[in-house]
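So you can see what is in the structure, the chains are spelled out below.
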Amino acid sequence: RLEKMLKELRLKGYVRDFEIGVITKNGNILPMGMSISVLKEDGRVIGSVCVARDLTQIKQVQKDLEKSKEAAEAASRARSEFLANISHEIRTPMNAILGFAETLLNETVNERHRRFLETILSSGRNLLALIDDILDLSKIEAGKLKLQPEPVDIKSLVYEIRSIFLDRAEKKGLEFIVDINP
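Quick caveat: nothing in here was measured; it's all calculated off a predicted structure.

(A) Here's a closer look at the overall build of the chain. If you tally the helices and strands in the chain, you get 4 helices and 3 strands. By its C-alpha atoms, the chain is 105 × 45 × 30 Å across when sized along the principal axes. For the chain, buried positions account for 17% of its 182 residues. By sequence separation, contacts in the chain at least 24 residues apart represent 33% of the contacts at least 6 residues apart. A total accessible area of about 14,600 Å² is found for the chain, and carbon and sulfur atoms account for 57% of it.

Put into structure tokens, the structure is as follows:
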């Protein structure tokens, strides 16, 4: 390294921010940053100017930043793993709830009960979609999300929202009217 620095000094007449380890009296290696410029007079070298600075604190800050970065990456991996596990744990019972609600819906003739079951189904599907959205956020952060544009039936979406809030609106004496222009 020293040879490289001297060669650069001869060619350019200066060296900027060259790092070198200096051995101290007690045998420790002190990281130093050096900048050297050759002084010339009438084309001949008459001396040099060297500025050296102790890089110990800078090196320590770099190590601390690297440790912090590694800890943040580990936390991010743990969070993503947690979200994947918890989503699986939520999906399994949610699918059972939706399955039973769908079975009851097919066997129920009471219109009010059918509305309740449709709301349970709709809300459950929305909850599963929310879980998927949370997982998608993790994928976005990891740079692994692939977008898949698809058409949306706005009319169905609005009626689904209506079915979720209809019972609450009726309990408050309100009407929830949906009027969609064909």
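Picking up after the structure, the text goes on.
(B) Representation of the nonpolar core. Counting residues in hydrophobic clusters, the biggest one holds 10 residues: Leu83, Met94, Leu98, Ala101, Leu105, Leu117, Leu121, Leu128, Ile131 and Leu135. Listed by contribution, the elements that provide at least two residues to this core are helix 2 (56-107) and helix 3 (111-142). The residues contacting leucine 121, other than those within four sequence positions of it, are Leu98, Ala101, Glu102 and Leu105. Counting 5 residues, the second largest nonpolar core, distinct from the first, contains Met5, Leu9, Val15 and Ile36.

(C) Region of interest: the environment of leucine 83. Tracing the backbone shows leucine 83 in helix 2. Under the relative-accessibility criterion, leucine 83 is labelled buried at 16%. Sequence separation between leucine 83 and serine 156 is 73 residues; the distance between their C-alpha atoms is 30 Å. Non-local contacts of leucine 83, meaning those with residues more than four positions away in its chain, are made with Ile134, Leu135 and Ser138.

(D) Fine view of the pattern of salt bridges. Here the structure, examined in full by the defined rule, presents 7 salt bridges. In this structure, the salt-bridge partner of arginine 91 is aspartate 132, at a minimum N-O distance of 1.8 Å. Of the two residues, arginine 91 is situated in helix 2 and aspartate 132 in helix 3; the sequence distance between them amounts to 41 residues. A residue is classified by how much of its surface remains accessible, and arginine 91, at 25% relative accessible area, is partly exposed. Salt-bridge contacts for arginine 125 lead to glutamate 102; the nearest nitrogen and oxygen are separated by 3.6 Å. Here the residue arginine 125 occupies a position in helix 3, and glutamate 102 occupies one in helix 2, the gap between them amounting to 23 residues.

Cut-offs applied
Starting from 1, residues in each chain are numbered consecutively following that chain's sequence as written. Residue-level local features of this predicted model are given only where pLDDT is at least 70; pairs of side-chain atoms are given and counted only at 80 or more, and the full residue set underlies all totals for whole chains, interfaces and linings. Side-chain measures here rest on the full set of heavy atoms in the structure, leaving out hydrogens and waters. Comment: elements are numbered from the N terminus, with helices defined as DSSP H or I runs of at least four residues and strands as E runs of at least two. Only protein chains enter the accessibility calculation, which uses a 1.4 Å probe. A residue is then buried if its area is under 20% of the maximum for its type, exposed if over 50%, and partly exposed in between. In this description, contact between two residues means that some pair of their heavy atoms is separated by no more than 4.5 Å. A 1.4 Å probe and the Shrake-Rupley method give the accessible areas. Residues count as covered only by the protein chains that appear here. Only buried Ala, Val, Leu, Ile, Met, Phe, Trp, Tyr and Cys residues count toward a nonpolar core, and they belong to the same one when joined by side-chain atoms within 4.5 Å. The salt bridge definition used is simple: a Lys or Arg side-chain nitrogen within 4 Å of an Asp or Glu carboxyl oxygen.

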